Amino acid sequence: MIQLKNLSKSYRVDGKDIPALKRIDLNIEAGEIFGVIGHSGAGKSTLIRLINLLERPSGGTVLLGDIDLTTLSTAELRLERQKIGMIFQHFNLLSAKTVANNIAFPLQVAGRLNKTEIQQRVAQLLELVGLSEHADKYPAQLSGGQKQRVGIARALANNPKLLLCDEATSALDPQTTQSVLQLLLEINQKLKLTIVLITHEMDVIRTVCDRVAVIDGGETVEMGPVTQVFLHPKHPTTRRFVFESEHVDENKQFEDFAHVPGKIVRLTFIGESTYKSLLGDMARDFGIDFSILAGRIERIKGTACGQLTLAFTGADSGIAAALARFTAEGIDFEELRAC
Ligand code: ADP
C-alpha cells in the first residue's frame, strides 16, 4: 500500500541543513494498522507529513500503490491525496461550519457528487461515527471525543484507502481515547482501511496496531509486530517506552531482588499459553521451587500476553528440566541472573 524508500528530510535552519529524518525504509501493507512511536522531536510528525507530501522529502521516494507521489504535478498530487484521509491532534475543524457542513466540505471540494448525494453521504458518515443527532451543532458545542469523530467522518468522506492519524488521541482523556481507538478499529475492519498513526503513547499502539516502528533521532531503531517489539524490546529507546509504561526503572529493577536467592528468569507468554497452569506442574514434576518477583498480564490488540519474572531454587538439573519444559511449550524465557 505504501512504501517509503530511503526517505530523508532536512530542515534549513540559520543557513544549515538539520536532518529530521534519515534514510527511512517502511512497507505498510494494505489493511493493517501501522503505528509509529517516538519521543518528542524523534521525527514522527515529519514522517506522517511526508506520506501525503504535506512536506517534500529531501531524498527518497513515497510510493502509494505503484505511484511515486514525489514525481507528480500539483494537480496529479491533489487527486492522489483524495485517497488519503488525515486526522489531527487538535481536530482542525472549521468553527463557522456545522458538523454536517464540516463533513460535506471535502466532498464539495472534490466536486464529484451533487447536493443530494452529498447529503446522503454525510448522513452515512454521521451514522458511522455515531453523531447523527449532532449534525446541526457547531464544533464549539461538542466534546473533544465528538470533535475527533467529526474529524474522522470528514477524513473518510471521499472513501480514502489510507487514513493518517497525527497524535489523534493525544488531546483526549483516557476514556475518550479508548472510544476513539475502538472507532478506528471498527472502521479498519468494516472498510478495510489502512491506517498509519503516530503517537508517543504505548497504550495507543498496544490497543490498535498490528505492527510498530520505533523512531529515534530521525531513524527507525526497531520495527515489527507489536507483540514482538513490546515483549522483547531490544533498542534502548524501545526498552524505555516499555519500562516507562510499566513504571519500572530498568536500571534499578535488580536492586530489589539482590537478596532473593536462585536463578532469575523472565518468562513471556503469548496467547493460549498465558493461562496454562504450567508453573505448579513443573515445580511438582522437577522438585524445584519458585518465587514470583514481578508479573503482568495484558492484551496487545486483543491477544493475551503475560510476563513473569521468577526466582527458581532447587537442583540445577531440576531447573534445567523446567526451562526445557518452557521451550517445549513454546514459552520464551530470558535468563536475567544465573544464580
Ligand atoms: P516529533 O513529531 O517526533 O515530535 P518532528 O517531526 O516534529 O518530531 O521534528 C523532528 C525534528 O525536526 C525536530 O528536531 C524538530 O525541531 C525539527 N523540525 C520539525 N519541523 C521543523 C521545521 N518546520 N523547521 C525546522 N525544524 C523542524
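Owing to the predicted nature of the structure, the values given are computational and were not obtained by experimental measurement.

1. Digging into the side chain of Glu-55
Relative to the helices and strands, Glu-55 resides in the loop between α1 (44–51) and β4 (59–64). Overall, Glu-55 belongs to the buried group, its relative accessible area being 16%. Engagement of the side chain of Glu-55 in a polar contact is seen with the side chain of Tyr-11, the distance being 3.3 Å. Leaving out residues up to four positions away in the same chain, Glu-55 has contacts with Lys-9, Tyr-11, Arg-49 and Leu-50.

2. Quick look at the layout of surface pockets
Reported here for the largest pocket is a volume of approximately 720 Å³. Residue assignment for the lining of the largest pocket shows that the elements contributing at least two residues are α2 (74–81), β6 (84–88), α3 (99–110) and α5 (144–156). For the lining of the largest pocket, the class distribution of residues is 14 nonpolar, five polar and three charged.

3. Examining the sheet that holds strand β14 (residues 332–337)
Note on sheets: strands pair through backbone hydrogen bonds, and any given pair is parallel or antiparallel. Spatially, the four strands line up as an open sheet ordered β12-β13-β11-β14, and their pairing is antiparallel. Looking at which strands have only one partner, the edges of the open sheet turn out to be β12 (289–300) and β14. For this sheet, the mean inter-axis angle between neighbouring strands, taken without regard to orientation, is 15°. Of the pairings in the sheet, the one linking strand β11 (residues 263–270) to β14 comprises five bridges and is antiparallel in character. Note that in β14 the partner of Val-265 across the bridge is Glu-335.

4. Things to note about the site of the ligand
Taken together, Tyr-11, Val-13, Ala-20, His-39, Ser-40, Gly-41, Ala-42, Gly-43, Lys-44, Ser-45 and Thr-46 make up the full set of residues near the ligand. Ala-42 is positioned such that a nitrogen or oxygen atom in its backbone is 3.1 Å from an oxygen atom of the ligand. For the shell around the ligand, the secondary structure elements donating two or more residues are β1 (2–13) and α1. Broken down by element, the residue count for the shell around the ligand peaks at three residues, all from α1.

5. Focus on helix α10 (residues 278–286)
When α10 is considered as a whole, its buried residues turn out to be Leu-278, Leu-279, Met-282 and Ala-283. The buried residues of α10 occupy one face: seen down the axis, they fall within an arc of 125°. Where α10 is buried, its residues contact β11, β12, β13 (303–313) and α11 (316–328). Following α10 by one or two positions, Gly-287 has its phi on the positive side, about 60°.

6. Focus on the packing of α3 against α5
Here α3 crosses α5 at 30°, and the two axes come no closer than 7 Å. With respect to their mutual orientation, α3 and α5 come out roughly parallel. As for how α3 packs across α5, the hand of that crossing is right-handed. Where α3 approaches α5, its residues Val-99, Asn-102, Ile-103 and Pro-106 are matched on the opposing element by Val-150, Ala-153 and Arg-154. Looking at the contact of α3 with α5, its residues break down into five nonpolar, one polar and one charged.

7. Topic: the sheet that holds strand β3 (residues 33–37)
Across the sheet, which stays open at both edges, the six strands sit in the order β6-β7-β8-β3-β9-β10 with mixed pairing between neighbours. In the strand order of this sheet, the two ends are held by β6 and β10 (219–225), each with one partner. Ignoring which end each strand starts from, the neighbouring axes of this sheet average 15° apart. Of the strand pairs in this sheet, β3 and strand β9 (residues 211–216) are connected by four bridges, and their pairing is parallel. Bridge assignment links Val-36 to a residue of β9, and that residue is Ala-213.

Definitions and cut-offs
- Residues numbered from 1 in each chain as written.
- Predicted model: local features only at pLDDT ≥ 70, side-chain atom pairs only at ≥ 80, totals over all residues.
- Heavy atoms only, no water.
- Helix = DSSP H or I, 4+ residues; strand = E, 2+ residues; numbered from the N terminus.
- Buried < 20%, exposed > 50% of the residue type's maximum accessible area, 1.4 Å probe, protein only.
- Polar contact = N/O pair within 3.5 Å; in protein donor to acceptor, adjacent residues only side chain to side chain.
- Contact = heavy atoms within 4.5 Å.
- 1 Å grid on protein atoms, 1.4 Å probe; cavity = no way out; pocket = protein on both sides within 12 Å on 5 of 7 lines; lining within 4 Å.
- Points joined across faces, edges and corners; volume = space filled by probe spheres on them.
- Nonpolar A, V, L, I, M, F, W, Y, C, P; charged D, E, K, R; others polar.
- Pairing = 2+ DSSP bridges.
- Axes fitted to C-alpha atoms, helices over the stretch in contact; angles between N-to-C directions.
- Near = heavy atom within 4 Å.
- Arc of directions from axis to C-beta.
- Parallel < 35°, antiparallel > 145°, perpendicular 65-115°, else oblique.
- Left-handed = near helix turned anticlockwise from the far one by under 90°.

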